[in-house]
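Residues per chain are reported as follows:
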Amino acid sequence: MSLLNFRQDGPPDLAEPSPDRAVTQLYEAHALDLVRLALVMVGDRQTAEDVVQDSFLGLYRRWGRLKDTGKALTYLRSSVLNNCRSVLRRRNRRLLGAQEPPVASAESRVLDLEQGKEILDALRRLPHKQRETLVLRFVLDLSEEETAQVMRVSRGTVRSNTSRGRTALERMLGETP
């Protein structure tokens, strides 16, 4: 299996690329989606970009030790989720009190239309496994199998988390009685 099969714009390159080239190509093809994933998980763009950058750096450093470079994207997605969990744990350890909300960029203000903000707020109130599952399935549009691989759980767990998360979101958003 060629490493470059993650590029969907042409036939796979049969030559094994250098780590620099491979990670650069992964970055060009998937960084934006990974930032979106992290943004939904952590709630602010700067932290999301930092999380993704740390994940790419980790991949680059470990490139020579990867068992299957064809699964580098799955590694990155898992790394982004793990880094988001770490960020959220650190936030939860802070003393509870008045915290200034992060300053929104112009781009994020556009994304924060009232309905979108309400959905994101509800999504952030879900238990983290349900939130991760819904983001992977419906924001990144991963299959059940891909989601299970990224989260390192069974497909049944993905189905269960998806069902419970959707039901909870519908309740929070007032879409069901």
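Residues numbered from 1 in each chain as written. Predicted model: local features only at pLDDT ≥ 70, side-chain atom pairs only at ≥ 80, totals over all residues. Heavy atoms only, no water.

Thoughts on unusual backbone geometry
Argument step 1. At Asp-141, a position not held by glycine, the phi torsion is positive, near 60 degrees.
Argument step 2. Along the polypeptide, Asp-141 turns up in the loop between α6 (128–139) and α7 (144–151).
Argument step 3. Of the residues examined, Asp-141 reaches a relative accessible area of 64% and is grouped as exposed.
Argument step 4. With a phi angle near 60 degrees, Arg-152 is a residue other than glycine that sits in the positive phi range.
Argument step 5. Residue position: Arg-152 is located in the loop between α7 and α8 (155–172).
Argument step 6. Residue classification places Arg-152 among the exposed positions, given a relative accessible area of 63%. (Helix = DSSP H or I, 4+ residues; strand = E, 2+ residues; numbered from the N terminus. Buried < 20%, exposed > 50% of the residue type's maximum accessible area, 1.4 Å probe, protein only.)

Here we look at the nonpolar core
Argument step 1. Formed by 37 residues in total, the largest nonpolar core has its most connected members in Leu-26, Leu-37, Phe-56, Leu-59, Trp-63, Val-80 and Leu-136.
Argument step 2. At 11 residues, the largest contribution of residues to this core is made by helix α1 (residues 19–42).
Argument step 3. Residues lining this core come from more than one domain, with at least three contributed by each of domain 1 (17–99) and domain 2 (111–176).
Argument step 4. Leave out the neighbours within four places in its chain, and Leu-136 touches Leu-37, Leu-81, Asp-141, Leu-142, Thr-147, Val-150 and Met-151. (Core = buried A, V, L, I, M, F, W, Y, C linked by side-chain atoms within 4.5 Å. Domains from an automatic or database assignment. Contact = heavy atoms within 4.5 Å.)

Some words on the packing of helix α2 (residues 45–62) against helix α3 (residues 72–93)
Argument step 1. Direction vectors running N to C along α2 and α3 enclose 130 degrees, while the axes themselves pass 9 Å from each other. It follows from the interaxial angle that α2 and α3 lie oblique. Here α2 and α3 pass one another in a crossing that is right-handed. Facing Thr-47, Val-51, Val-52, Asp-54, Ser-55, Phe-56, Gly-58, Leu-59 and Arg-62 of α2, the residues of α3 in contact are Ala-72, Tyr-75, Leu-76, Ser-79, Val-80, Asn-83, Cys-84, Val-87 and Arg-91. (Axes fitted to C-alpha atoms, helices over the stretch in contact; angles between N-to-C directions. Parallel < 35°, antiparallel > 145°, perpendicular 65-115°, else oblique. Left-handed = near helix turned anticlockwise from the far one by under 90°.)

Comments concerning the packing of aromatic side chains
Argument step 1. For the structure on display, the rule yields one aromatic pair.
Argument step 2. Across from the ring centre of Phe-138, 5.6 Å away, lies the NZ or CZ of Arg-137, which sits over that ring. (Phe/Tyr/Trp six-rings, centres within 6.5 Å; stacked < 30°, edge-to-face > 60°. Lys NZ or Arg CZ within 6 Å of the ring centre and 35° of its normal.)

Points about the confidence of the model for the protein chain
Argument step 1. Overall, the predicted model of the protein chain reaches an average pLDDT of 81, with 76% of residues at or above 70.
Argument step 2. Put simply, helix α4 (residues 106–111) is where the protein chain has its lowest mean pLDDT, 53, and α2 is where it has its highest, 94.
Argument step 3. Counted against residues more than four places away or in other chains, residues 1–14, with its pLDDT under 50, gives 22 contacts. (pLDDT = per-residue confidence, 0-100.)

Points about α1
Argument step 1. The first and last C-alpha atoms of α1 sit only 29 Å apart over 24 residues, clearly below the 34 Å expected at 1.5 Å per residue.
Argument step 2. Residue His-30 marks the point of greatest curvature in α1, where the axis turns by about 60 degrees. (Expected span 1.5 Å × (residues − 1). Bend = angle between axes of the 7 residues up to and from the residue.)

Some details on α8
Argument step 1. Spanning 18 residues, α8 covers 25 Å between terminal C-alpha atoms, matching the ideal 26 Å at 1.5 Å per step.
Argument step 2. Of the residues making up α8, those classed as buried are Val-158, Asn-161, Thr-162, Gly-165, Ala-168 and Leu-169. Taken end-on, α8 shows its buried residues confined to a sector of 145 degrees, consistent with a single buried face. Away from the buried face of α8 by more than 90 degrees, exposed residues Arg-164 and Arg-171 are located. (Arc of directions from axis to C-beta.)

A look at the environment of Cys-84
Argument step 1. The topology assignment puts Cys-84 in helix α3.
Argument step 2. The spacing of Cys-84 and Val-52 is 32 residues in sequence and 9.1 Å in space, taken between C-alpha atoms.
Argument step 3. When residues no more than four places from it in sequence are discounted, the contact partners of Cys-84 are Ala-38, Met-41, Val-42 and Val-51.

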